[in-house]
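Per-entry structural report
Residue-level listing of the chains:
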Amino acid sequence: MKVAAILLLCTTLFYQGYSNTLDSCQGRCGYGTDSGYSCQCNPACEKYNDCCSDFWTLCKDAGTSCKGRCDENYNSQNPCHCNSKCPQYNNCCSDYAELCNAGDTGGAITDSELISLSETLYALDSNKASPSQLILDPQALVSDSQTSSQSDLSSRPLYKYVDENTLFSRPTYAALLNVLDNYKRMTGQAESFTSQQQTEQDTFLRETMLNTELGRELFSFLYTKGIYASESEFIQDLKNMWFGLYSRYNGAMDSSGFEHIFGGEIKGGKVSGFHNWIKFYLLEKRGELNYYSHSFNGPWSGYPDVLGLQFKWDGYYKQVGSAVIGCSPEFDLAIYSLCYIARPGKQCRLSLGGKSLSIQTYTWDNSSYGNGKKYIASAYPVSM
């Protein structure tokens, strides 16, 4: 009888303990829904009213922290992620860089790698303008406090000379020119593309990223970091993030990262975006853009260089339209793409010829493509 009583007690305690594990969040915080448990410990449990009783005690972060989760497998039910691809998809937990990105951790791109790669891309920019192919006349330099004055302090154009015959006949420049004229600059006017224009987008990406040593170097780096598994995946993702359409005004599919950054837009009576030197030159040459002044000038004695520009485009003002001047289209696309992939929504520290350059990127958070990936909202150089 005593033996039977002891066995009964042990069995009861075992099942109570097992039942308690099913009803507890101990060791389960942040995980996805599991039908093997009687209650849940992920953030969605509040919505579905099936949280375990100790959820609020044990799961304060409820999956929003990378503590103990670095390099975990992807789980679509987690609110944020802690694996090497989360920077690419812009869905890392807020403490990912602090807890999982200290030093070289496989897919994570370190600051030192960004500096080293940007120097390599700078050296490989064989299609950049030479001093004899591009001559600037910067004229008025103003302080930051003067950029809003809308005063035309420069009587002459910014671009004194551009060797169009040499530069614009190069494949990457020609491909860029073909794409630049495919957009309506006013937000609120929906964009649509013919099959020919779609082909022009594909050609631009192929010429800049696959047919230049600079572009292939960028892909090679991202491939070794595990961000892309093939050239086709790389190009398709660039097409989505740069050319995918989203709405900046009134629900119309009126904008994209490419249009905003390379082409420029008009929104709210002002110039929005517009960070490409070639588009600036073409408009100024046609008399559609009036250069006013510059508020900062990069430390480079040749090209690429960086200027912060004040100008009017058909009467619409741009207070500071910073741009990398004299670089090739592939260099522009490469450094913006690199910084967006590595440091989305943040400042990205690079180095060109031993001199520092920061690129600020922004994500378009109102819509996404493919597994929640975000379109580029903007990217541009900032003064150091």
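Residues numbered from 1 in each chain as written. Predicted model: local features only at pLDDT ≥ 70, side-chain atom pairs only at ≥ 80, totals over all residues. Heavy atoms only, no water.

Our focus in this paragraph is the overall build of the protein chain. The secondary structure content of the protein chain amounts to 14 helices and eleven strands. Sequence separation of at least 24 residues holds for 57% of the intrachain contacts in the protein chain that already meet a minimum separation of 6. When the accessible surface of the protein chain is summed, it comes to about 17900 Å², and 49% of that surface belongs to carbon and sulfur atoms. (Helix = DSSP H or I, 4+ residues; strand = E, 2+ residues; numbered from the N terminus. Contact = heavy atoms within 4.5 Å. Areas by Shrake-Rupley, 256 points an atom, 1.4 Å probe, with all protein chains shown as cover.)

Moving on, we get to the pattern of salt bridges. Under the criterion given, the structure shown has ten salt bridges. Glu113 is the salt-bridge partner of Lys225, the closest N and O atoms lying 3.2 Å from each other. Highlighted residues: Lys225 in the loop between helix H10 (213–224) and helix H11 (231–243) and Glu113 in helix H6 (residues 111–124), separated in sequence by 112 residues. Judged by its relative accessible area of 17%, Glu113 is buried. Here Arg185 and Asp314 are joined by a salt bridge, their closest N and O atoms 3.3 Å apart. Note that Arg185 is positioned in the loop between helix H8 (171–180) and helix H9 (195–210) and Asp314 in the loop between strand S6 (305–313) and strand S7 (316–318), a separation of 129 residues in sequence. (Salt bridge = Lys/Arg side-chain N within 4 Å of Asp/Glu carboxyl O. Buried < 20%, exposed > 50% of the residue type's maximum accessible area, 1.4 Å probe, protein only.)

Now for the sheet that holds strand S11 (residues 373–382). With respect to topology, three strands assemble into an open sheet ordered S9-S10-S11, the strand pairing being antiparallel. The outermost strands of the open sheet, each flanked by one partner alone, are strand S9 (347–352) and S11. On average, adjacent strands in this sheet sit at an angle of 30° to one another, irrespective of strand direction. For strand S10 (residues 355–369) and S11, the ladder comprises nine bridges, and the chain directions are antiparallel. Directly across from Tyr369, in S11, lies its bridge partner Lys373. Its contacts with the sheet place H11 against S10 and S11, and it is angled at close to 75° to S11. Lying on the sheet, helix H14 (residues 329–342) is in contact with S9, S10 and S11; it crosses S10 at an angle near 70°. (Pairing = 2+ DSSP bridges. Axes fitted to C-alpha atoms, helices over the stretch in contact; angles between N-to-C directions.)

Further remarks concern the state of the cysteines. The final tally for this structure, using the stated rule, is two disulfides. Disulfide partner of Cys339: Cys348, at an S-S distance of 2.3 Å. What sets the handedness of the Cys339 and Cys348 disulfide is the S-S torsion sign, and at about -70° it is left-handed. For the pair Cys339 and Cys348, a shared accessibility class is recorded, and that class is buried. (Disulfide = S-S within 2.5 Å.)

Where H6 meets H10, the closest approach of the two axes is 9 Å, and the angle between their N-to-C directions is 160°. Taken together, the axis directions place H6 and H10 in an arrangement best described as roughly antiparallel. Handedness of the H6/H10 crossing: right-handed. Here Glu113, Leu117, Thr120, Leu121 and Leu124 of H6 come into contact with H10, specifically with Glu213, Leu214, Glu217, Leu218 and Phe221. Here the contact of H6 with H10 is composed, by residue class, of six nonpolar, one polar and three charged. (Parallel < 35°, antiparallel > 145°, perpendicular 65-115°, else oblique. Left-handed = near helix turned anticlockwise from the far one by under 90°. Nonpolar A, V, L, I, M, F, W, Y, C, P; charged D, E, K, R; others polar.)

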